[in-house]
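Architecture at a glance
Each chain is listed here by its residues.
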Amino acid sequence: MNQLDALRQWTTVVADTGDFRQLAQFKPRDATTNPSLILKAVQKPEYRPLLDEAVRKHDGMAIDEVIDRLLVRFGTEILSIIPGRVSTEVDARLSFDTEATIARAERIVALYRAEGIDVENRVLIKIASTWEGIEAARRLEQKGIHCNLTLLFSFAQAVACGAAGVQLISPFVGRIYDWHKKSAGSSWIEAENAGANDPGVKSVRTIFDYYKRHGIRTEVMGASFRNVGQIAALAGSDLLTISPELLSELATSDAPLVHALDAEAAKRKDIAKVDFDEPAFRYTLNEDAMATEKLAEGIRAFAADAVKLERLMGA
C-alpha cells in the first residue's frame, strides 16, 4: 500500500489545485482553489481559453463579477471530476468587510445554482479567518451556505470558527513552519522540528484535539504543506488538502504511515473549554506575532493575485 492509500484509511484526501486536469489520477474526494491557484492555471495554454471565454461572454459586466464567473467555471469543471465538494474563495480584499463578504458569497452560490450545482452539499465558500470573516461565515451557515475558513494560523481563530458553527477550517501548516524557521534563523535544527515536532503540525493537533474533546462539529483540514513529513504527522485529521506535487510523492512512496491523530483519544484528554468575544479575539491574535503576520501576509498575497487576475482579463 502506498502512502496515499494508507492516508485514505483515516483522512479524506483533498486536492489543492486549480489544474482540474490533474485531479482524476489522484481520485480526491474534494478540491480547494484560491486566487493564486486560479491565476497560475489561466496562464497555462490549456486553461487560457476559459479566461478568454469569461471575458468575451460577459463583456460589459463589472470586473469583479466576471472574476466570480471564472472562479465558478473552474469550480464547475472540478465538480464534474470529483465526487465531493469544491472550495471557492471570496475576494481577499473583502476580508474586513462582513456585509460585502456575505454579498459576494451569495453571488458565488447563485452562480453555482444557475449551473445546476447542489450548493449545500458540493460547494464551500472560502473566507479569511478575520473576525469579520468569521462573523460573515456564521451568518452564511445560518442560511445553509457552508464555509471553509482559510488563512488560519492560531488557536483563537479556530475557537472562534468553531463557536460560529462553520463547516470547515484550513489551518496553514507550511506557513506556520515557514515563520518559525525564519524566526529561528541559524539556530533552527530541522531534525528537531520535523514530524510531530513541526510547529505547524503541533498547531493543527492542538485544534483537532480541542474540537474532538468538546464535540465541535467543524471539520479540520490541514493545508499549505511543505513536505510529506508534515502530512504523515497529521494522518487522522478530518481532511488534508494537498498539492498535486505532494500527492504524487505520497502515491509513489511505500514508507510506513501511522494513525497520528485519534479523535477517540482526544475525547478523553483534559482540555479546558474557552471562548473569545471580539475584544478577546483581537487581543489574543495580536499577542501571537506569527499568526498576526501570516494572516496579514496571506491576505495581501491573495489580494495581489486577484489584482493580477483582473489585469490579465483587462489585457
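Attention in this report is confined to the structure presented alongside it.

A word on the pairing of strand β6 (residues 168–171)
Where burial is concerned, the two faces of β6 agree: the one with Leu168 and Ser170 and the one with Ile169 and Pro171 are both buried. Relative to β6, strand β5 (residues 147–152) runs parallel, the two sharing three bridges. The residue bridging Leu149 from the neighbouring strand is Ile169, located in β6. One crossover worth recording links β5 to the parallel β6 by way of helix α9 (residues 155–164), and it is right-handed. Pairing of β6 with strand β7 (residues 219–222), which is carried by two bridges, proceeds in the parallel orientation. Bridged to Leu168 within β7 is Glu219.

A look at the state of the cysteines
Tallied over the entire structure, the rule returns zero disulfides. Looking at Cys147, it has no disulfide partner, and the nearest cysteine sulfur is the one in Cys161, 9.7 Å off. On the basis of relative accessibility, which here comes to 0%, the residue Cys161 falls in the buried class.

A short note on the packing of aromatic side chains
Any two aromatic rings considered together are summarised by their centre-to-centre distance and by the angle between their planes. Evaluated as defined, the whole model comprises seven aromatic pairs. When the ring of Phe20 is compared with that of Tyr47, the centres are 4.9 Å apart and the planes differ by 75°; the resulting orientation is edge-to-face. With Phe20 in the loop between β1 (12–16) and α2 (23–26) and Tyr47 in the loop between α3 (35–42) and α4 (48–57), this residue pair connects regions lying 27 residues apart in the sequence. Summarising the burial analysis for this pair, Phe20 and Tyr47 share the class buried. Between the aromatic rings of Trp131 and Phe281, the centroid separation amounts to 5.2 Å while the plane-to-plane angle is 55°, which identifies the pairing as tilted. Here Trp131 is found in helix α8 (residues 131–142), whereas its partner Phe281 is found in helix α15 (residues 278–287), with 150 residues between them in sequence. One aromatic cluster is present, formed by Phe20, Tyr47 and Phe74 through successive ring pairs.

Some remarks on helix α13 (residues 244–251)
Those residues of α13 that sit buried are Pro244, Leu246, Leu247 and Leu250. Angular distribution of buried residues about the axis of α13 spans 160°; they occupy a single face of the element. Next to the buried residues of α13 lie α1 (3–7), β1, α2, α12 (228–232) and β8 (239–242).

What to know about the side chain of Thr33
As for its placement among the helices and strands, Thr33 is situated in the loop between β2 (30–32) and α3. For Thr33, the side chain forms a polar contact with the main-chain oxygen of Ser87, separated by 2.9 Å. Sequence-distant contacts of Thr33, defined by excluding residues within four places in its chain, comprise Thr17, Gly18, Ile38, Ile78, Ser87, Thr88, Glu89 and Lys126.

Thoughts on the packing of α3 against helix α16 (residues 289–314)
Where α3 meets α16, the axes come as close as 8 Å, and the angle between the chain directions of the two elements is 30°. Regarding the angle of α3 to α16, the classification is roughly parallel. Considering how the two elements wind past one another, α3 and α16 form a crossing that is left-handed. Side by side, α3 and α16 meet where Pro35, Ser36, Ile38, Leu39 and Val42 of the first sit next to Phe302, Asp305, Ala306, Lys308, Leu309 and Leu312 of the second. A per-class count over the contact of α3 with α16 returns eight nonpolar, one polar and two charged.

Notes on the sheet that holds strand β4 (residues 123–128)
With respect to topology, eight strands assemble into a closed barrel ordered β1-β2-β3-β4-β5-β6-β7-β8, the strand pairing being parallel. If you compare each strand with its neighbour and ignore which way they point, the axes differ by 30° on average. Here β1 runs beside β2; their pairing, made up of three bridges, is parallel. Bridging across to β2, Asp16 finds its partner in Thr32. Most of the contacts of helix α5 (residues 63–79) go to strand β3 (residues 86–89), to which it runs at about 175°, and overall it touches β2, β3 and β4.

Procedures and definitions
Residues numbered from 1 in each chain as written. Predicted model: local features only at pLDDT ≥ 70, side-chain atom pairs only at ≥ 80, totals over all residues. Heavy atoms only, no water. Buried < 20%, exposed > 50% of the residue type's maximum accessible area, 1.4 Å probe, protein only. Helix = DSSP H or I, 4+ residues; strand = E, 2+ residues; numbered from the N terminus. Pairing = 2+ DSSP bridges. Right-handed = clockwise from strand over helix to strand, strands pointing away. Disulfide = S-S within 2.5 Å. Phe/Tyr/Trp six-rings, centres within 6.5 Å; stacked < 30°, edge-to-face > 60°. Arc of directions from axis to C-beta. Contact = heavy atoms within 4.5 Å. Polar contact = N/O pair within 3.5 Å; in protein donor to acceptor, adjacent residues only side chain to side chain. Axes fitted to C-alpha atoms, helices over the stretch in contact; angles between N-to-C directions. Parallel < 35°, antiparallel > 145°, perpendicular 65-115°, else oblique. Left-handed = near helix turned anticlockwise from the far one by under 90°. Nonpolar A, V, L, I, M, F, W, Y, C, P; charged D, E, K, R; others polar.

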